[in-house]
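Chain by chain, the residues run as shown.
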Amino acid sequence: MRKIGHFGKFGGRYVPEMLMPALEELESTYESAKKDKDFQKEFKELLRNFSGRPTPLTYAANLTEKLGGAKIYLKNEGLNITGAHKITHCIGQAMLAKKMGKKRLIAETGAGQHGLATATVAAKFGFECSVYMGEEDIKRQRPNVFLMERLGAKVIPVSFGSKTLKDAVNAALKDYIENVKTSHYLLGSVVGPHPYPTMTRDFQSIVGKETKKQIKKLEGKYPDVIIACVGGGSNAMGIFYDFIKEKEVNLIGVEAGGVGDKIGEHSARFKGGSIGVVEGFKSYFLQDKDGQLQKTHSISAGLDYAGVGPELAYLQETKRVQFQSITDQEALNAFDLLARVEGIIPALESAHALAFAIKIAPRLEKQKIIVVNLSGRGDKDLFIVAKAFKDKTFKEFLLDYTKFYEQY
């Protein structure tokens with residue numbers, strides 16, 4: 001019998017005693033909300049009329065023809081408001097925070113998509129909002145920082161550690177501990193102490209539910225393969241969850257292979273990680289022998305988290321989900337190819353999943369079906385991609401705009 005909040009030996013609730021009442025309140029409120037017809041009705045209406053669901057499942061006909069193998073479909077989560085799947089669980093958690101009488105939302109963010117979604121629901125529901133973001137990620141994702149601030153959020157730079165997502169999580173947890181009575185920590189993925197992994201997965205499972213209906217209507221059967229990128233794992237668990245019992249569907253998670261196999265060159269937890277307890281839960285982490293988190297790397301700010309969601313660790317151990325890794329360059333190539341042949345510009349996170357689909361599609365028979373979860377769109381990655389492609393005109397534009405901007 002599985003212990004509540006555990007997935008095999010993974011998961012749990014490893015937090016300071018002072019946080020236990022808040023997590024128990026959150027768990028109780030969520031369990032009540034699951035049975036509350038009015039809550040569920042409001043949640044579905046907000047997804048439909050505010051977020052923009054259902055998102056389309058698009059047949060990538062040109063890409064399929066070019067590769068000459070399996071059919072490729074794209075679950076385009078980038079067409080949600082704010083440009084990614086993150087808005088879904090942010091709406092759900094904001095509704096829970098309202099039920100608990102909280103006045104403020106706290107969030108961490110790496111790529112900025114979760115921070116942007118949190119700032120959006122804070123504006124929608126009337127919360128104060130503080131978003132913690134590593135200084136390195138602020139540099140990489142300035143457009144999202146600007147948008148968060150326009151939405152009324154306070155974006156707080158994190159200057160310690162590697163100045164990326166894992167450090168933003170630590171800063172957000174510290175704030176939560178200090179302000180637990182008035183604030184809700186709107187955690188951004190299927191990580192953290194119970195009930196966050198389960199709760200976030202449940203909210204995100206709408207992705208898989210929609211995909212099931214859509215692919216049945218389009219093809220009359222389930223896909224042979226579903227591929228999703230994996231940082232913490234919210235988009236992956238979102239599309240995987242309703243297919244876990246469908247044994248004929250192969251589920252593949254794609255981690256960030258970065259630029260090499262050495263520590264600090266990648267973010268592949270199942271390639272170089274080990275089991276540990278960090279930030280309130282047990283899972284796989286890139287850590288040293290003393291349990292200290294190692295430096296990570298990915299061209300994508302959303303995939304360089306040192307840990308992975310506990311349910312995904314369990315699904316990997318039980319061999320229900322297999323994990324692969326994709327390099328920075330392979331992700332960039334996939335980003336460029338999809339834009340040129342399908343007119344869709346994916347987030348760099350999603351480009352990792354797409355890159356693996358591009359690898360395997362030519363080896364599969366033409367009647368086989370691959371669904372790729374495009375977790376977000378690529379607007380936020382404009383500066384990273386322009387630099388990676390060495391676009392001189394974009395650099396000239398920035399220099400000219402700097403001169404123009406300085407006149408004000």
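Above this note sits the structure.
In this text the structure is predicted, and so the values were computed from the model without any measurement.

Procedures and definitions
- Residue positions are given per chain, counting from 1 as you read along its sequence in written order.
- Residue-level local features of this predicted model are given only where pLDDT is at least 70; pairs of side-chain atoms are given and counted only at 80 or more, and the full residue set underlies all totals for whole chains, interfaces and linings.
- Processing note: side-chain calculations cover all non-hydrogen atoms of the structure and skip hydrogens and water entirely.
- At least two bridges found by DSSP between two strands is the condition for calling them paired.
- Going along the chain from the N terminus, every DSSP run of H or I of four or more residues is numbered as a helix, and every run of E of two or more is numbered as a strand.
- Interaxial angle, 0 to 180 degrees, is taken between N-to-C directions of lines fitted to C-alpha atoms, where a helix line uses only the stretch in contact.
- Contact definition: two residues touch when any of their heavy atoms are within 4.5 Å.
- Only residues whose relative accessible area exceeds 30% and that form no salt bridge enter a patch; like-charged residues are grouped when within 9 Å of one another, and nonpolar side chains (Val, Leu, Ile, Met, Phe, Trp, Tyr) when within 5 Å.
- Only the protein chains shown count as covering a residue, and every accessible area follows the Shrake-Rupley method with a 1.4 Å probe.
- What makes a salt bridge here is a side-chain nitrogen of Lys or Arg within 4 Å of a carboxyl oxygen of Asp or Glu, nothing more.
- Buried means the residue's accessible area, taken with a 1.4 Å probe over protein chains only, is under 20% of the maximum for its type, while exposed means over 50%, and partly exposed covers the values in between.
- How far a helix is expected to stretch is found by multiplying one less than its residue total by 1.5 Å.
- Each polar contact in these results corresponds to two N or O atoms within 3.5 Å; when the atoms are within protein, one needs to be able to donate a hydrogen and the other to accept it, and residues that are neighboring in sequence are counted only if both atoms are side-chain atoms.

Trainee: Help me out: how do you make sense of the sheet that holds strand E6 (residues 128–134) in this one?
Mentor: Strands in a sheet are paired, the pairing made by backbone hydrogen bonds, and the direction either parallel or antiparallel. What the 4 strands build is an open sheet, ordered E7-E6-E5-E8; its pairing is parallel. At either margin of the open sheet sits one strand with a lone partner, and together these are strand E7 (154–158) and strand E8 (183–185). Sheet twist, expressed as the mean angle between neighbouring strand axes with direction ignored, is 25°. Sheet analysis places E6 next to E7, joined by 5 bridges and oriented parallel. Considered in E7, the bridge of Ser-130 is made with Lys-154. Packed on one face of the sheet, helix H8 (residues 165–178) meets strand E5 (104–109), E6, E7 and E8 and runs near 160° to E5.

Trainee: What is the right way to read a nonpolar patch on the surface from this model?
Mentor: On the surface, a cluster of nonpolar side chains totalling about 680 Å² of accessible area is made up of Leu-382, Phe-383, Phe-397, Leu-398, Tyr-401, Phe-404 and Tyr-405. Contributions of two or more residues to the nonpolar patch are made by helix H16 (382–388) and helix H17 (392–405). A per-element tally of the nonpolar patch places H17 first, with 5 residues. Structurally, the position occupied by Tyr-405 is in helix H17. By relative accessible area, Tyr-405 is classed as exposed at 56%.

Trainee: Quick question: what am I supposed to make of helix H2 (residues 37–51) here?
Mentor: The periodicity of an α-helix, 3.6 residues per turn, causes residues three or four positions apart to be oriented the same way. Taking 1.5 Å of rise per residue, the 15 residues of H2 would be expected to cover 21 Å, and the 20 Å separating its terminal C-alpha atoms lies within 8% of that figure. Every buried residue belonging to H2 is among Phe-39, Phe-43, Leu-46, Leu-47 and Ser-51, and all of these are buried. Residues of H2 that are buried make contact with helix H1 (20–35), helix H4 (87–99), helix H5 (113–125), helix H9 (196–204) and helix H10 (206–219). At the N-terminal boundary of H2, the capping side chain belongs to Asp-36, with an oxygen 2.9 Å from the backbone nitrogen of Asp-38. Directly beyond the C-terminal end of H2, a positive phi value near 105° is found at Gly-52.

Trainee: I would appreciate a short explanation of the environment of Tyr-284 in the present structure.
Mentor: Within the secondary structure, Tyr-284 sits in strand E12 (residues 281–285). The exposure class assigned to Tyr-284 is buried, which follows from its relative accessible area of 17%. Setting aside residues up to four positions removed in sequence, Tyr-284 forms contacts with Phe-10, Arg-269, Phe-270, Gly-273, Ser-274, Ile-275, Ala-306, Gly-307, Val-308, Ala-313 and Gln-316.

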